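For reference, the chains in residue letters:
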Amino acid sequence: MPAERVDTAAPVAALVVAAGRGLRAGFEAPKQYRLLGGSPVLRQALAPFLATPEVGRIAVVIGAGDEARYADAVAGLGDARIVPPTMGGETRQDSVRLGLEALAAQGFRGTVLVHDAARPFLTEQLVRSAVTAIGDATVAAIPVLPVTDTIKRLDDTGRIAETPPRDRLVSVQTPQAFAFEPLLATHRKAAAEGRAGFTDDAALMEWAGHPVATFAGEPANMKLTHPEDFARAEAPGPPPLVVRVSTGYDVHAFGEGDHVWLGGVRVAHDRGVLAHSDGDVALHALTDALLGALAEGDIGTHFPPSDPQWRGAASHRFLAFAVERVRSRGGRIDFLDLTLICEAPKIGPHREAIRATIAAVAGLHLDQVAIKATTSERLGFTGRKEGLAALATATIRLPEPPAPPRSP
Ligand code: MG
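Structural notes, computed from the coordinates.

Cut-offs used in this document
Residues numbered from 1 in each chain as written. Predicted model: local features only at pLDDT ≥ 70, side-chain atom pairs only at ≥ 80, totals over all residues. Heavy atoms only, no water. Helix = DSSP H or I, 4+ residues; strand = E, 2+ residues; numbered from the N terminus. Rg over C-alpha atoms; globule rule 2.2 N^0.38 Å. Buried < 20%, exposed > 50% of the residue type's maximum accessible area, 1.4 Å probe, protein only. Contact = heavy atoms within 4.5 Å. Areas by Shrake-Rupley, 256 points an atom, 1.4 Å probe, with all protein chains shown as cover. Lys, Arg positive; Asp, Glu negative; His and termini not counted. Charge placed at Lys NZ, Arg CZ, Asp CG, Glu CD. Patch = residues over 30% accessible without salt bridge, like charges linked within 9 Å, V, L, I, M, F, W, Y side chains within 5 Å. Salt bridge = Lys/Arg side-chain N within 4 Å of Asp/Glu carboxyl O. Phe/Tyr/Trp six-rings, centres within 6.5 Å; stacked < 30°, edge-to-face > 60°. Pairing = 2+ DSSP bridges. Donors = N, O, S within 2.8 Å, 3.2 Å for Na, K, Ca; no water. Axes fitted to C-alpha atoms, helices over the stretch in contact; angles between N-to-C directions.

## Considerations on the overall build of the chain
Of regular secondary structure, the chain possesses 12 helices and 19 strands. Radius of gyration (C-alpha) of the chain: 31 Å, far over the 22 Å computed for a compact globule of 408 residues. When its C-alpha atoms are laid out on the principal axes, the chain stretches across 90 × 65 × 50 Å. Per-residue burial over the chain gives 45% buried out of 408 residues. Long-range pairs, those at least 24 residues apart, make up 73% of the contacts in the chain with a sequence separation of at least 6. Roughly 20300 Å² of accessible area belongs to the chain as shown, and the carbon and sulfur atoms make up 54% of that amount. Charge separation in the chain, taken as the distance between the mean sites of 42 positive and 47 negative side-chain charges, equals 0 Å.

Spelled out as structure tokens, the structure:
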């Protein structure tokens, strides 16, 4: 099929569907008129279109009896691009068709962005994405998100019939962007043939055989459906995270042996290290850096050398403990930086293995872990090959602490 292209210079209209009764949301008034943070949901859904100069016309489809609520919701917006509202129909599909017919009666031709009023967290950025996508694409482009839940299809008895592969599934949002005339023609055809039950406009276009392109939706662009959605939307967000940086330092002396542990990697060497645990200076320095950023003491506070249970312990347990402490405080690790100081063994051949091990233990991407190595130019204890040292820096973010008590 040849691509049906849209004239990118064509005017853009937003068609906002606000005719639903919102019964599932359990309020007296339809949910699109409910106040959210002091402002009607519908008014918030219109704002990003008003903020986008490309949108030349904004049409709202409302329910019978909602005229006064609509007037209140748009009061004072004072923007000539908002045309008088159209009365909706029995179903969402009917309401969109009636809204399109009203635009057609005004002589509109171009691109139409169909949006549900119950999505008040729409952003100007997503409106622009829709305009760009329909310009680049064909007759239809819709915002989608990858699904994170596994989705299953049921049979008639309520048992699982199928588990479709998740990598080909998306959830669909609005605004959905369409070339106006094909969308209107498809709605008219569906109405003439008595085809109902399409839950979005893209489904109509698919039914009519039009290609439907996709663009990235926004997770925050949720649809308010249940009373809990309002409660969640109005709940205060998490406290802001503030950056903390801390260093850690560790030394172990060489002793008898044929290997050392560095960053959880066994490195062959003509010496071992003297240590209560496995003597992994890299993991000990990193653990101290993280505990420092948390202001929760140091490795000896949590794993005293006097405690026999840590004899010969694999040090990744210490790092994993500190990582878990960051998580349980509601924080996140941004970056771990490590410098190893020794004349021998050579670190270079093991650097990437050490980096990968630390990233895995800390639950980080590789580019959040840096490993450097240096000698000390034969100076000092590392220069005399008496031992090895590690210096670590941890950059983390933690929820902002409450204000300190005032001194009297
Ligand atoms: Mg140590």
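## So, a nonpolar patch on the surface
On the surface, Y249, V251 and L391 cluster together to form a nonpolar patch covering roughly 260 Å² of accessible area. Mapping L391 onto the fold places it in strand β19 (residues 387-399). Residue L391 is classed as partly exposed on the basis of its relative accessible area of 39%.

## Regarding the packing of aromatic side chains
For the structure shown, the criterion picks out 6 aromatic pairs. Relative to F180, the ring of F108 has its centre 5.1 Å away and its plane inclined at 90°; by these criteria the two rings are edge-to-face. Here F180 lies in helix α5 (residues 180-192) and F108 lies in the loop between α3 (92-105) and β6 (111-116), a separation of 72 residues in the sequence. The pair formed by F108 and F180 is uniform in burial state, with each residue classed as buried. Measuring from ring centre to ring centre gives 5.6 Å for F198 and W207, while their planes differ by 50°; the resulting arrangement is tilted.

## Points about the pairing of strand β15 (residues 265-268)
With burial as the criterion, only one face of β15 is covered, namely that bearing V265 and V267; the residues R266 and A268 on the opposite face remain uncovered. Where strand β14 (residues 259-262) lies against β15, 4 bridges are found, and the strand directions are antiparallel. The partner of H259 across the bridge, within β15, is A268. Hairpin connection, β14 to β15: the antiparallel pair is bridged by 2 residues, and G263 has positive phi, about 60°.

## Let's talk about the coordination of the magnesium ion
Coordination of the magnesium ion by the protein is provided by D250 (OD), D250 (OD), H252 (NE2) and H284 (ND1), with metal-donor distances spanning 2.2 to 2.8 Å. Read N to C, the donor residues that coordinate the magnesium ion are spaced as D-x1-H-x31-H. With H252 in strand β13 (residues 241-255) and H284 in helix α8 (residues 281-294), this pair connects stretches of sequence that are 32 residues apart. For the pair H252 and H284, a shared accessibility class is recorded, and that class is buried.

## Structural notes on the sheet that holds β19
Spatially, β16-β13-β19-β17-β18 is the arrangement adopted by the 5 strands of the open sheet, whose pairing is mixed. Both edges of this open sheet fall to β16 (272-273) and β18 (369-374), since each of them pairs with a single strand only. The pairing of strand β17 (residues 332-341) with β19 spans 9 bridges and is classified as antiparallel. Looking at the pairing, I333 lines up with I396 of β19. Each of β17 and β18 is contacted by helix α11 (residues 351-362), which is oriented at about 140° to β18, the strand it contacts most.

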